[in-house]
Amino acid sequence: MELDYYSVGEGVDITADRADLCRLADLVAGGGEQSLAQPAHPRHLRGVVVEVTQGPVAVGVDDRGYLTVRGGAESRSFLADLLRDVAAMDDGGHVHLEHVEGHPHLAPDSVPLILNSPHGGMPRR
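I will try to describe carefully the structure that is included in this document. Per chain, the residues get numbers from 1 upward, laid out in the order the sequence is written. Owing to the predicted nature of the model, reporting of local features is limited to residues with pLDDT of at least 70; listing and counting of side-chain atom pairs is limited to 80 or more, with chain, interface and lining totals taken over all residues. The basis for the side-chain values is all heavy atoms of the structure; hydrogens and waters are excluded.

## Focus on the overall build of the chain
Going along the chain from the N terminus, every DSSP run of H or I of four or more residues is numbered as a helix, and every run of E of two or more is numbered as a strand. A count of helices and strands for the chain gives two helices and eight strands. Secondary structure elements of the chain occur, N-terminal to C-terminal, as β-β-α-β-β-β-β-α-β-β. The principal-axis extent of the C-alpha atoms belonging to the chain is close to 40 × 30 × 25 Å. Contact criterion: two residues are considered in contact whenever any of their non-hydrogen atoms come within 4.5 Å of each other. By sequence separation, contacts in the chain at least 24 residues apart represent 52% of the contacts at least 6 residues apart. Split by element, the accessible area of the chain, about 6,500 Å² in all, is 52% carbon and sulfur. Methods summary: accessible areas were calculated by the Shrake-Rupley approach with a probe of 1.4 Å, and residue burial reflects only the protein chains presented.

The structure is reproduced here in structure tokens:
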């Protein structure tokens, strides 16, 4: 799995195979921490930490270079389901997730996410 962080405005680009996206979904749903292989590029994040709190999901990047996900069960479940949906894609494609006014599950201070299909970020057809 690769987690590339560009900036607060551009966000985190997640590229992974189906199994890794499903493991990430399980982590998001349940909470915990996962370290990744030592990053080969300064943009690559070192891992993921999910904190169980209340309210909408707030996605960020901490000073250790970890993707952080904090939020209540309902909002984390929303994100986990979205990750599973992307994992199940049968062609290339991607999903952008960023806060818009009134979004019930994503906090205003969240960095945007780009979730790439296991088949690549663009459709082949």
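## With respect to the side chain of Asn 116
Along the polypeptide, Asn 116 turns up in strand β8 (residues 113–116). Between N or O atoms, a polar contact is any pair within 3.5 Å; within protein, one atom must be a potential hydrogen donor and the other a potential acceptor, and residues adjacent in sequence are included only when both atoms are from side chains. A distance of 3.3 Å separates polar atoms of two side chains, one belonging to Asn 116 and the other to Thr 15.

## A closer look at the nonpolar core
Formed by 28 residues in total, the largest nonpolar core has its most connected members in Leu 3, Val 12, Ile 14, Leu 67, Leu 79, Leu 83 and Leu 113. Counting only elements with at least two residues in this core, the list comes to β2 (11–15), α1 (18–30), β4 (47–52), β6 (66–71), α2 (73–87) and β8. Sort the elements by how many residues they give to this core and α2 lands first, with six residues. The contact partners of Leu 3, leaving out residues within four places of it in the chain, are Val 12, Asp 13, Ile 14, Leu 36, Arg 43, His 44, Leu 45, Gly 47, Val 48 and Leu 67. Within this scheme, the nonpolar core is defined by two criteria: the residues are buried Ala, Val, Leu, Ile, Met, Phe, Trp, Tyr or Cys, and they are joined through side-chain atoms within 4.5 Å. In this scheme, a residue with accessible area under 20% of its type's maximum is buried, one over 50% is exposed, and one in between is partly exposed, where area comes from a 1.4 Å probe on protein chains only.

## Re the environment of Ala 19
With respect to the element layout, Ala 19 can be found in helix α1. Sequence spacing of Ala 19 and Met 1 is 18 residues, and the spatial spacing of their C-alpha atoms is 9.6 Å.

## A word on the packing of aromatic side chains
Both the distance between ring centres and the angle between the ring planes are used here to describe each pair of aromatic rings. Note on ring pairs: Phe, Tyr and Trp rings are taken, using the six-membered ring of Trp, and paired if centres are within 6.5 Å. Classes follow the plane angle, with under 30 degrees stacked, over 60 edge-to-face and the rest tilted. Across all of its chains, the model carries zero aromatic pairs by this definition. Sitting over the face of the ring of Tyr 66, Arg 64 holds its NZ or CZ atom 3.9 Å from the ring centroid. A positively charged side chain is recorded as over a ring if its NZ (Lys) or CZ (Arg) lies within 6 Å of the ring centre. The angle to the ring normal must also be within 35 degrees.

## Overview of the sheet that holds strand β1 (residues 2–7)
If you walk across this open sheet you meet the four strands as β1-β2-β8-β7, and the pairing is mixed. Each having just a single partner strand, β1 and β7 (94–97) make up the two edges of the open sheet. On average, each strand axis in the sheet is inclined to that of its neighbour by 15 degrees, with strand direction left out of account. The pairing of β2 with β8 spans three bridges and is classified as parallel. Across the sheet, residue Asp 13 finds its bridge partner in β8, namely Ile 114. By definition, two strands form a pair when at least two bridges between them are found by DSSP. Angles shown run from 0 to 180 degrees and are taken between the N-to-C directions of axes, each axis being a line fitted to C-alpha atoms and, for helices, limited to the stretch in contact.

## Remarks on the sheet that holds β6
Read from one edge to the other, the open sheet built from four strands follows the order β3-β4-β6-β5, with strand pairing classed as mixed. Two strands in the sheet have a free side with no partner beyond their single neighbour: β3 (32–35) and β5 (58–61). When the angles between neighbouring strand axes are averaged without regard to direction, this sheet yields 10 degrees. When β5 meets β6, the two strands line up antiparallel, connected through four bridges. By the bridge assignment, Val 61 is partnered in β6 with Leu 67. In the packing of α1 onto the sheet, contacts are made with β3 and β4, and the angle to β4 comes to roughly 30 degrees.

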